Structure formats: structure tokens, C-alpha cells
Amino acid sequence: MRRNHSIFYHTMLLTGVNVLLRGMSMLFQVYLAGRIGAAGLGLLQLILSVGGFAMTLGISGARVAVLYLSAEEFGHRRPYGVRSAVLHGLFYGAVCSALAACALYFGAGLAAERWIGDMRAVPALRLLALSLPANTFCAILGGYFTACGRIRHLAAVEVAERLIALALTFALLYWAGNDLARACCALVLGSALAAAVSAAWLLHLFLRATTAQKPPQPLHMPSRLLRLTAPLAVSDYLRAGLSTLEQFLIPWGLARAGGSQMRSMAAYGTICGMVFPVLMFPAAALYALSDLLVPELARADAEENEARIHMLTDRCLRIGALFAAGCAAIMLALADALGELLYQSTEAGFYLRLFAPTILFLYLDAIVDGMCKGLGQQLASARYNTLTSLLDVLLLYLLLPRFGVAGYYCSFVISHLVNFALSLRRLLRVTGYRPQGVFFAKTLLCACTAGLGCFCVTLPDLWAHMAARCAVFAVLLPFMLWMTGTLSRDDTRWLRGTFFPGGMRKKSVDTTGETPYNETESLAFRRKKYQRGIHP
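What you see is a predicted model; the values in this text were computed from it and never measured.

Parameters at a glance
Residues numbered from 1 in each chain as written. Predicted model: local features only at pLDDT ≥ 70, side-chain atom pairs only at ≥ 80, totals over all residues. Heavy atoms only, no water. Axes fitted to C-alpha atoms, helices over the stretch in contact; angles between N-to-C directions. Helix = DSSP H or I, 4+ residues; strand = E, 2+ residues; numbered from the N terminus. Left-handed = near helix turned anticlockwise from the far one by under 90°. Contact = heavy atoms within 4.5 Å. Nonpolar A, V, L, I, M, F, W, Y, C, P; charged D, E, K, R; others polar. Salt bridge = Lys/Arg side-chain N within 4 Å of Asp/Glu carboxyl O. Buried < 20%, exposed > 50% of the residue type's maximum accessible area, 1.4 Å probe, protein only. Phe/Tyr/Trp six-rings, centres within 6.5 Å; stacked < 30°, edge-to-face > 60°. Lys NZ or Arg CZ within 6 Å of the ring centre and 35° of its normal. Expected span 1.5 Å × (residues − 1). Patch = residues over 30% accessible without salt bridge, like charges linked within 9 Å, V, L, I, M, F, W, Y side chains within 5 Å. Areas by Shrake-Rupley, 256 points an atom, 1.4 Å probe, with all protein chains shown as cover. pLDDT = per-residue confidence, 0-100. Parallel < 35°, antiparallel > 145°, perpendicular 65-115°, else oblique.

Okay, the packing of helix H13 (residues 359-374) against helix H15 (residues 405-431) next. Here H13 crosses H15 at 35°, and the two axes come no closer than 9 Å. Note on packing geometry: the crossing formed by H13 with H15 is left-handed. In contact with Phe361, Leu362, Leu364, Asp365, Val368, Met371 and Cys372 of H13, H15 contributes Phe412, Val413, His416, Leu417, Asn419, Phe420, Ser423, Leu424 and Leu427. Here the contact of H13 with H15 is composed, by residue class, of twelve nonpolar, three polar and one charged.

The following block contains the structure:
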């Protein structure tokens, strides 16, 4: 298979897996909403927020570091270097996850009392602590499989893990009955046992695929790993801590805005436990592409293949913008029906429509973040994430008690939009790519027109209503793209060659007709200047 098509097929495979996993998770979330209610979902989200912070402490930047080092060694054709990077990463992750697990296990009571405000969370937090090493190993080994292009093996393990987790969780929920504390334990325990199986499976596949070889020269892998993990870990700690603080500020601020503790927890559960899973469900394709862009761009960078770096930047931003605009428009058209159909809640539909326009930058930010990491801009991404998390915490503290949900919405939009703008600015400076403003304006116009056309169709039956609006959108969007000439001949030729590679002639250079970078200054030289701080 040609390499310029391998990233597409791997993306399609990961997209299919992510859609399947997210679909199962969303259906399970619907089941949980009926089982434990919105307030129960709010409590579960707070427990998982504490667990997510502990998971960040356990990984401490190891996944991104192993992914980057593995891709770099793979690009240099050094299999012994790949094995060394993964083994050093696993040892590093084992030490960090053990320390984080001890802290969470013995501090579960304090976290439940001071942070969550509900002692029923203690058993679930302790189970999360016991599952930290297995989850850390899964994350690190997943980075290796992604970097080396072994996507099928990773996809098979992820699907099996999710199926095992769902089966175990359903069985344990019968044991839990109507007890909310037991229900939270059932959810955590089912995922923990599945993660242990997944970690053992991935480790077996890794050891079987790699053999111990003596490198002809020292690789200096521990120092290389620490140079990556140290700043990433500090940034991740700050960001995870701030993100966890954000999650606790939301119900606190909503309560201060005039609601009771139960109503505030229910509103928090509706937004975070019902709306966001639906809102981010189509992003499975972009998150899969983002993961694959890290090793792909790292290999192109190691080979100093500037033409491929520019081609990937151009194609991913253009297709990502088209996908994000289409998803935002169709989500606006289907918001009320999805809220009623999935949760029997008009409130969920209202919040889904409210947050639908944020898809435009949330989805693109996933692509931009992956490209920045693949081009060695991890430190810049970490700085931006930390800065915007601080901004979000400040805005939540100031706006939530005064304006309630409106304050949360404003803080969410401002902080995520600033993060996207900073990351995009960094990507454009590093690659020298000049975005085509006309293309993005046409894309937005086409999506808005197709979305508005959907509102002309209204049917009493929910399923028929959604199907009719989807059909109208599926006809109008391609028609508008064709009428406005948004997709050029090069775009259609590339798409045709991607789906039917046998019918296209192999081309060695990009055919966009643009000069995307300054030819007097190489990409590697310009990036070194950025890393030395010559440019902001």
C-alpha cells in the first residue's frame, strides 16, 4: 500500500473503531441517565474527574513521549530504538502510576469529603487507584502501536476491552441495585478489569513483535525520554489540576447562582453527562486522524520531507474545516429531536443546540493539536493548554455565581477559542502554511445554507423528522459545494485517488499550485529558531 494512502486507511479504521466505541458509550450513558438520573451522572462525573487527574499523574507525559520517540526511531529504521523507547516508557509509567495510585487510595476519603462533597464516592475512588497501573500501561503501549502503524492490533484490543467492560459493568450493576455508591463502584470495577486484560494483551503483542537487539551506538534513551516527559508532565499536571478544578467549580457556581445542590448537580450532569457525549460523537474521525498525524509528521520531519508536511497540513485543515462546519450545521438542525429521543429531555436538546456552534473550533483544534505535536511543538501546546485552563478557571470563578449556565457557556467558548487560535497560529508559523480564507468562508456558507434548509422540514414522528432533515442536508451540502466551487479539481482528484488508489497515477509532489513555505529557509532551520526562542 502506498504511504500517502496508508494514513487514510488507518484513519478510517480508527474512525470506525472510535465510532463504535463512542456509540456504545453514548448508548450506555443513555441507560445510566435512566438508571441513576442526572444527579447521579453528576456525581459520577466528579468521581471520574478525580480519577482523570490521578491518571494524568500516573502517565506523566509518557504516552506522548513514547509515541514521538517510537515514531522517530521507526523513521530512522532503528527497531532496537523503538523497543528501547517503549521499555523505558513502561518503567517510567510503572513508577509514576504506583505513586499516584498510593496517593489516591489513601487520600480517597479526603477527596470525597473536601472536593466531591459526598462520602459515597470513597469506594469508587479506591477502585480507581487500584486500576491506575493497568490504565497507564494501556496508554503507553497504545502510543507505540499508533507510532508503528499497527492500528489493526490496537483497534482489536480496544474493541475487546470495551465489550468486556460493558459486559462486566452490566453484570455488576445488577449487584448494585438502587445504591448509587455501589453503582459507581460497578462502573469503575468493570472498566478496571477490562483494562487489566487489555494491558496484558498489548504487552504480549509488543514483546512478540520486537526482539532484543544491541544498538551499534548509544541511544541515550533515558535522557531523551526525560527531556520530553519532564516538561510534558509538569504541563499535564497543571492542566489536569485546573481541569479538575473546573469540574468542581461548575456545580459550586451553579449552586451559588441560586439553585439547590441537587439541582446544580443535575444541571452539571445534563451538560457534561448527556450533551457533551452527543456533541463530540462525530469527532471520532478527527481524533483518530489527530493520533495518526503525530507519528506521520514526526517521520516526515525526521526525513526532512517538507512537501509532505505541507500537503498534510493543507489537506487536514481543509477537510477538517468542511467536516466541522457540516457537523455543526446538522447538530443545530437535530438538537431538539436528539434530546427528546435519547434522554426524553427538552433541556438536553436546548443545551445541545446552544453548544453546537462550538463544534467549528473544537473539532479543528483536535487536528491542529495533533499536527503541532507531530512537528515537535509539544512544549508550545502545553503552554497554551495551561494558559487557557487558567483563563477558564478565572472566568468560571467570576461568571458562574453571577450568571449561572450563561456564565459557564461564555467561559467555555472564550477559553477554547483562545486555545484554538494560539495553536493554529503556532502551526502556521512553524510550517509556513498560508490558509485560504476564501475556502473557509465558502465552507461556512455552504454548511449554513444546508443547515437552514433542514428547518423547512418538520414531521411529527421523531425518527421520520430526523431522517428527513438528514436527507435534506445530505442533498443540499454537496449541491452547495458544487455550486460555489468550494472543492477544487485538486481536492476532488485527491479524494478520488484516496478512495480508488488503483485508478490514479502516482505523483511525487503536491499539486495544490501553492508555495507554502519560504524556500530560502528550511523547515528544520526555522523550527530550531522557534525552539531557541527567537520567535514568540
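That was the structure; now back to the text.
Quick look at the pattern of salt bridges now. Under the counting rule described, the total for this entry stands at three salt bridges. Its salt-bridge partner being aspartate 314, residue arginine 318 comes within 4.0 Å of it at the nearest N-O pair. Of this pair, arginine 318 and aspartate 314 both sit in helix H11 (residues 306-343), four residues apart, which is roughly one turn of that helix. Taking relative accessible area as the criterion, aspartate 314 reaches 1% and is therefore assigned buried.

In the structure shown here, the tally under the stated rule is 13 aromatic pairs. With 6.2 Å between their ring centres and 45° between their planes, tyrosine 408 and phenylalanine 412 make a pair best called tilted. Here the residue tyrosine 408 and the residue phenylalanine 412 both occupy positions in helix H15, the gap between them amounting to four residues, near one helical turn. Site record: aromatic cluster; members linked through ring pairs are Phe276, Phe355, Tyr408, Tyr409 and Phe412. The positively charged end of arginine 126 is found above the aromatic ring belonging to tyrosine 105, 5.5 Å away from the centroid. A cation over an aromatic ring shows up here: arginine 318 above the ring of phenylalanine 439, its NZ or CZ 4.2 Å from the ring centre.

With that settled, the discussion passes to helix H6 (residues 151-176). Here H6 spans 36 Å end to end across 26 residues, near enough to the 38 Å set by a 1.5 Å rise per residue. Of the positions making up H6, those classed as buried are Ile151, Leu154, Ala155, Val157, Val159, Ala165, Leu166, Thr169, Leu173 and Ala176. With its phi angle positive at about 65°, glycine 177 sits one or two positions after the end of H6.

Another aspect to go through is a nonpolar patch on the surface. Taken together, Phe91, Val95 and Leu99 make up a surface patch of nonpolar side chains, about 340 Å² in accessible area. By the secondary structure assignment, leucine 99 is in helix H3 (residues 79-106). By relative accessible area, which is 59% here, leucine 99 ends up exposed.

Structurally, the position occupied by arginine 35 is in helix H1 (residues 3-59). Sequence-wise, arginine 35 and alanine 183 are 148 residues apart; in three dimensions their C-alpha atoms are separated by 9.4 Å. Arginine 35 has contacts with Leu173 and Gly177, leaving out every residue within four places of it along the chain.

Time to look at the environment of tyrosine 105. With respect to the helices and strands, tyrosine 105 occurs in helix H3. The exposure class of tyrosine 105 is partly exposed, given its relative accessible area of 33%. Spatially, the C-alpha atom of tyrosine 105 lies 7.9 Å from that of leucine 127, the residues being 22 residues apart in sequence. Filtering out sequence-adjacent residues up to four positions away, tyrosine 105 remains in contact with Arg126, Ala129 and Leu130.

Here we come to the confidence of the model for the chain. Any segment with low pLDDT has predicted coordinates that should not be analysed in fine detail. Averaged over all residues, the pLDDT of the chain equals 78, while 80% of them reach at least 70. In this model, residues 1-5 is a region of pLDDT below 50 whose contacts with residues beyond four sequence positions or in other chains number 13 contacts. In this model, residues 499-536 is a region of pLDDT below 50 whose contacts with residues beyond four sequence positions or in other chains number 62 contacts.

Where H11 meets helix H17 (residues 462-484), the axes come as close as 10 Å, and the angle between the chain directions of the two elements is 165°. In terms of axis orientation, H11 runs roughly antiparallel to H17. Considering how the two elements wind past one another, H11 and H17 form a crossing that is right-handed. Residues Leu322, Gly326, Ala329, Ile330, Ala333, Leu334, Ala337, Leu338, Glu340 and Leu341 of H11 form the contact with H17, whose own contacting residues are Leu462, Trp463, His465, Met466, Arg469, Cys470, Phe473 and Leu481.

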